[in-house]
Amino acid sequence: MKSNIALVTSDLKVGGTQRVIVRACKFLHDAGLNITIVTFSNKDSDFYDLPEGINRISLNLIQPSTNLISGILQNINRINT
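Cut-off values and rules
Residues numbered from 1 in each chain as written. Predicted model: local features only at pLDDT ≥ 70, side-chain atom pairs only at ≥ 80, totals over all residues. Heavy atoms only, no water. Helix = DSSP H or I, 4+ residues; strand = E, 2+ residues; numbered from the N terminus. Buried < 20%, exposed > 50% of the residue type's maximum accessible area, 1.4 Å probe, protein only. Contact = heavy atoms within 4.5 Å. Areas by Shrake-Rupley, 256 points an atom, 1.4 Å probe, with all protein chains shown as cover. Lys, Arg positive; Asp, Glu negative; His and termini not counted. Charge placed at Lys NZ, Arg CZ, Asp CG, Glu CD. Pairing = 2+ DSSP bridges. Right-handed = clockwise from strand over helix to strand, strands pointing away. Core = buried A, V, L, I, M, F, W, Y, C linked by side-chain atoms within 4.5 Å.

Peer 1: Account for the overall build of the chain, naming residues and giving values.
Peer 2: Helices and strands together make up the secondary structure of the chain, namely two helices and three strands. Secondary structure of the chain in N-to-C order comes out as β-α-β-β-α. Each of the three principal axes of the chain carries a C-alpha extent, and together these read 45 × 25 × 20 Å. Burial statistics for the chain: of 81 residues in total, 28% are counted as buried. Contacts in the chain between residues at least 24 apart in sequence constitute 48% of all its contacts with a sequence separation of at least 6. Here the chain displays about 5,600 Å² of accessible surface, and carbon together with sulfur accounts for 57% of that area. Treating the 8 positive side-chain charges of the chain as one cloud and the 6 negative ones as another, the clouds have centres 5 Å apart.

Peer 1: Any chance you could break down the pairing of strand E2 (residues 34-39) for me, citing the residues and the numbers?
Peer 2: The buried fraction of E2 is high, at five of six residues. In this structure, strand E1 (residues 4-9) lies alongside E2, joined through six bridges in parallel fashion. In the sheet register, Thr9 faces E2, and the bridge partner there is Thr39. One crossover worth recording links E1 to the parallel E2 by way of helix H1 (residues 16-30), and it is right-handed.

Peer 1: Help me get a handle on the nonpolar core, residues and values and all.
Peer 2: Of all hydrophobic cores here, the largest spans 10 residues; its members are Leu12, Ile21, Val22, Cys25, Leu28, Leu33, Ile35, Ile37, Tyr48 and Ile54. Put simply, the parts of the chain that give this core at least two residues each are H1 and E2. Of all the elements, H1 adds the most residues to this core, at four residues. If sequence neighbours within four positions are ignored, Ile35 has contacts with Ile5, Cys25, Leu28, His29, Ile54 and Asn55.

Here you go:
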């Protein structure tokens, strides 16, 4: 039976953390594990492509904040999701 692992990140835009997460997903998948990556952003903002066979859950929770209250409410929404 394969183990299941989920990795969570805000997005897969250009960045070192995102690159490391994609490489870790590939490594763990090649080792025979079921990998799921969960992002707060949608797939349209991705820079990195996930290797074949890795599941992706896109929560689409990142929206532009127009003011402080909007930003706080969006953060609360992300926490509650």
